[in-house]
Number of protein chains: 2
Amino acid sequence: MISWNNMDTLASFQELMKTERVNLVEAMTGENGAERVKKYSIPMAEGLVYNYAAKQVDDTVLAGLVKLAEEAQLTDKFQAVYNGEVINTGEKRRVLHHMTRGQLGENVVADGVDKRSFYVEQQQKIADFANKVHAGQITNAAGEKFTTVVQIGIGGSDLGPRAIYLALENWARIHNTLKMEAKFISNVDPDDAAAVLNSIDVAHSLFILVSKSGTTLETLTNESFVKDALKKAGLDASNHMVAVTSETSPLAKSDDYLAAFFMDDYIGGRYSSSSAVGGAVLSLAFGPEVFAQFLDGAAAEDKLSLNKDVLNNPAMLDALIGVYERNVLGYLCTAVLPYSQALSRFPAHLQQLDMESNGKSVNRFGEPINYETGPVIFGEPGTNGQHSFYQLLHQGTSIVPLQFIGFKNNQIGTDVVIQDSTSQQKLCANVAAQIVAFACGKSDENRNKNFEGGRPSSIIIGDQVNPKTVGALLSHFENKVMFQGFVWNVNSFDQEGVQLGKVLAKRVLAHDTDGALKVYSDLLNI
Amino acid sequence: MISWNNMDTLASFQELMKTERVNLVEAMTGENGAERVKKYSIPMAEGLVYNYAAKQVDDTVLAGLVKLAEEAQLTDKFQAVYNGEVINTGEKRRVLHHMTRGQLGENVVADGVDKRSFYVEQQQKIADFANKVHAGQITNAAGEKFTTVVQIGIGGSDLGPRAIYLALENWARIHNTLKMEAKFISNVDPDDAAAVLNSIDVAHSLFILVSKSGTTLETLTNESFVKDALKKAGLDASNHMVAVTSETSPLAKSDDYLAAFFMDDYIGGRYSSSSAVGGAVLSLAFGPEVFAQFLDGAAAEDKLSLNKDVLNNPAMLDALIGVYERNVLGYLCTAVLPYSQALSRFPAHLQQLDMESNGKSVNRFGEPINYETGPVIFGEPGTNGQHSFYQLLHQGTSIVPLQFIGFKNNQIGTDVVIQDSTSQQKLCANVAAQIVAFACGKSDENRNKNFEGGRPSSIIIGDQVNPKTVGALLSHFENKVMFQGFVWNVNSFDQEGVQLGKVLAKRVLAHDTDGALKVYSDLLNI
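Residues numbered from 1 in each chain as written. Chains lettered and ligands numbered in written order. Predicted model: local features only at pLDDT ≥ 70, side-chain atom pairs only at ≥ 80, totals over all residues. Heavy atoms only, no water.

1. Topic: the pairing of strand S6 (residues 181-185) of chain B
All names here are of chain B.
Okay, so step 1: Relative to S6, strand S5 (residues 148-152) runs parallel, the two being bridged by 5 bridges. Within S6, the position partnered with Val150 by the bridge is Lys183.
Okay, so step 2: What joins S5 to S6 is helix H7 (residues 159-174), and the crossover it makes is right-handed. (Pairing = 2+ DSSP bridges. Helix = DSSP H or I, 4+ residues; strand = E, 2+ residues; numbered from the N terminus. Right-handed = clockwise from strand over helix to strand, strands pointing away.)

2. Let's talk about the relation of the copies chain A and chain B
Okay, so step 1: For the match of chain A to chain B, the screw axis carries a shift of 0.0 Å, the RMSD comes to 0.0 Å, and the turn is 180 degrees. Taken together, these values place the two copies in the relation of a two-fold axis. For chain A, the smallest separation between a C-alpha atom and the rotation axis is recorded for Phe378(A), amounting to 3.2 Å.
Okay, so step 2: Comparing interface residues between copies, 99% of those in chain A also lie at the interface in chain B; the contact surface is shared. (Least-squares fit on C-alpha atoms with pLDDT ≥ 70 in both. Contact = heavy atoms within 4.5 Å.)

3. Overview of the pairing of strand S7 (residues 205-210) of chain B
Residues and elements named next belong to chain B.
Okay, so step 1: Counting buried positions along S7 gives 6 out of 6 residues, so the element sits mostly inside the fold.
Okay, so step 2: Neither face of S7 is open: one carries Ser205, Phe207 and Leu209, the other Leu206, Ile208 and Val210, and all of them are buried.
Okay, so step 3: By the bridge criterion, 5 bridges tie S5 to S7 in an arrangement that is parallel. Considered in S7, the bridge of Ile152 is made with Leu209.
Okay, so step 4: Relative to strand S8 (residues 241-246), S7 runs parallel, the two sharing 4 bridges. Looking at S8, one finds that Leu209 is bridged to Ala243. (Buried < 20%, exposed > 50% of the residue type's maximum accessible area, 1.4 Å probe, protein only.)

4. Considerations on the nonpolar core
Okay, so step 1: Counting residues in each nonpolar core, the largest one holds 373 residues, and the members touching the most others are Tyr520(A) and Tyr520(B).
Okay, so step 2: Discounting residues that sit within four places of it in the chain, Tyr520(A) has contacts with Met28(B), Val37(B), Asn51(B), Ala53(B), Ala54(B), Ala432(B), Ile435(B), Val436(B) and Ile459(B). (Core = buried A, V, L, I, M, F, W, Y, C linked by side-chain atoms within 4.5 Å.)

5. A closer look at the side chain of Arg326(B)
Okay, so step 1: Within the fold, Arg326(B) resides in helix H12 (residues 314-328).
Okay, so step 2: Assessed through its relative accessible area of 5%, Arg326(B) is described here as buried.
Okay, so step 3: Of note is the side chain of Arg326(B), whose polar atom sits 2.5 Å from the backbone oxygen of Thr373(B).
Okay, so step 4: Excluding anything up to four places from it in sequence, Arg326(B) contacts Thr397(A), Ser398(A), Tyr331(B), Leu332(B), Glu372(B), Thr373(B), Gly374(B), Pro375(B) and Trp488(B). (Polar contact = N/O pair within 3.5 Å; in protein donor to acceptor, adjacent residues only side chain to side chain.)

6. Section: the sheet that holds strand S9 (residues 259-263) of chain B
Residues and elements named next belong to chain B.
Okay, so step 1: Here 5 strands make up an open sheet; going across it, the order is S6-S5-S7-S8-S9 and the pairing parallel. In the strand order of this sheet, the two ends are held by S6 and S9, each with one partner. Pairs of neighbouring strands in the sheet enclose a mean axial angle of 20 degrees, with direction left out of account.
Okay, so step 2: Across 5 bridges, S8 lies against S9 in parallel orientation. Of the residues in S9, the one forming a bridge with Val242 is Ala259. (Axes fitted to C-alpha atoms, helices over the stretch in contact; angles between N-to-C directions.)

Structure representation (structure tokens):
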């Protein structure tokens, strides 16, 4: 029997508040530190490892977190998710994104169909379509192969698929599986669509319109842009466009599209990368087999998230440590720092995933809560960030917990030796050095050169950024955010906070404004 | 006579702490709100306007900020900067980046030369070189024109020039002044250089190596990458490379480069976009005239920052409001939200500019301070962010002050009308709507749909993203950060916080590690 309770009503949370704070500098210095790094480590799927030695925890705090996980019934709640209960209470919907990559629990029948079968069927339809495009069986009107695929979508239809495409583009090139180059149009700023259209050969481009409702204003506007460009090039748009949408949307059965692939209301935008939303563009770009590997990685990591043993459940422990940092230690932000150029836009996706899911002030019943919820997430790839905002992270007045990601091998395999080490070794040396620098600091009589340390971080280490590890990483963070939402007792699957802006923007466009809104509209020449 | 005092010793700051908090919802609702938007507005250079009506201030708070500016001697301190005093106390250096774009005060002679003349001379040398490249007077060995320019640099040698290039690329294309396409290599991750090199025709590429000291490890490593690629293509690297460095660096007089352009120790990396660091790549990409326009925009805005009347000095007032938000209202973060795809990487540059300058825990004399300093800066372009992290900004438990930037016109000039409005109108309607939504909120009985409001923002509004407005924007934020550093009494021009990581990374590469660092190194296979 699941109870949904506010975090501050849980005895285990009250107890956690009273645990002694860990002195991270002491804990991580000397042989103690070495032992911690060996001990505070959990295997993830696909050869990844989650290491939390440099987090401000010890066995006592961890025991408190285990109790919190139990009292908050995190495993039971995850089971309720994948068994199809209506977990998204705000919108009264199931939450089934895990099912796009595997069957974790019971069969779920909704809208008259078995949902796992439905998602597999869509994946197969996309695979068939992509294979035909790659084989030259589906072509442009001149019978020529499509060479470019362009995703038109915003938010969850953009950030996740874009981050994953960028993560795997060079990997695919090296493995001779880059079938089509992918581009993305998202912003309603007309310069976004215009610039992308200027950079491609529209005659050999296939466009994917992604909108669950079929009514997203940015996306429809950008579709219109694309149709104009195709028309100007003397091309029939319906030969160049496919739709990813829900079966009930106006796009689903339109003749304007070569094909339509379906998602449904149980897949939130920010959780849709493993559905048709990511599937269409990634299968077209890399081939369906690569997309299937990505799903396998995510499914394998999902299974680990079932583990009731918190200390062997990386997503759950990561979530709990994050709650400890936010609510006990009082840290507002978390920086995500992948030491991999391939993951350059992964932080932007996690920023949406986390902040849109848990940036809430009411619990899942719509009642106010008395504690902080989701953190501010930001990040850039290392080593770039080291030469940018790390100054504040090391010596600023506020502590920002860090989440590093590093890989032993690069993707392209080209490297140089300078000063007796490769670039890859330098990259890895830097992330190792940063963890210790942040945790341990270094005393200096010149206080300007003094590092207090005590700045917590974790690291996920893997062999290489490839389809399976990217799938596993995505699942890890999706499940982390879900578990945190459970602890905070918020609904991580709606986003009412985006509505008011939409309503007011419509009023501006209808010239139905007064007061400040009217003056701003005038200043902006609308 | 200038005194450098900690902020908490200033009577005006103590007084400011006692001012009544403004109820932003009340202030911005109804005709009051309309009046505020009209009144709380300052013209900037190049037709820009800084509007702070939706900030949590009123005439009383503003009067307090004016007193703080006076007591902290902000204008006098800015004068000391541009008159060449040794303001960077940590590194015992002058701070002369303003002089790269104009002469605000006295002639400054250092290293035996008049510094304004020196910077103008470098700008001219770059202009001559760029003109010869564009005219085909400087070519590759086969006598063919260079078509691509690649900047090799990291941190300040990367983020600013890259953000400005992206801001102006489409503008230049439309104005037939895109002379060469620019690319950027920064990360020590070997996949960064490899991917860029795979995407260009090296035989027609000119590479700019940017390192003030000539010793930045990432940059030298990436140079080596490029030299390998040129050699493999049977090309002589010295025909394809120029250096931007200090006159005393090992790169300055090397035969390895076609030419060397100089900056000096008085230009910090993050303040170097208007020096040769930005000058070389931007002049080659867009032509020297465009770079000169960019400098004009910055110079014009610099002049406004001299204004002793705080309420007519946009950078100074923006700085003071930021201090008020950080130290009186207690907000940690600031989000920078440009409603312009062209400014997609501008937030990443401001993140470095701000966090590396003011993320400090000691004052300019190296003494500990008792108050918060630089905020965490993050941001993405609108409307994309609306479909991502805005949920937390609207309904999260922590308030994040916002800095919007919007333009009446797009760059490319292609647009479509959907539902009776253009994309540009939708873009502008959205930013207007967001300001009011954040400030005023909206009550709803369903608390999940309730918006508390009271979330402060400012907006800079301009006609278009073009060389002059980008220059003015850059100057605005550089001077804002400088003024905040003055108020906090920190040295905004050094970055000792980046050193410890470098030292430890070298130890890892030399296998000179023990404890936690050794175990992390093993885990990462170094």
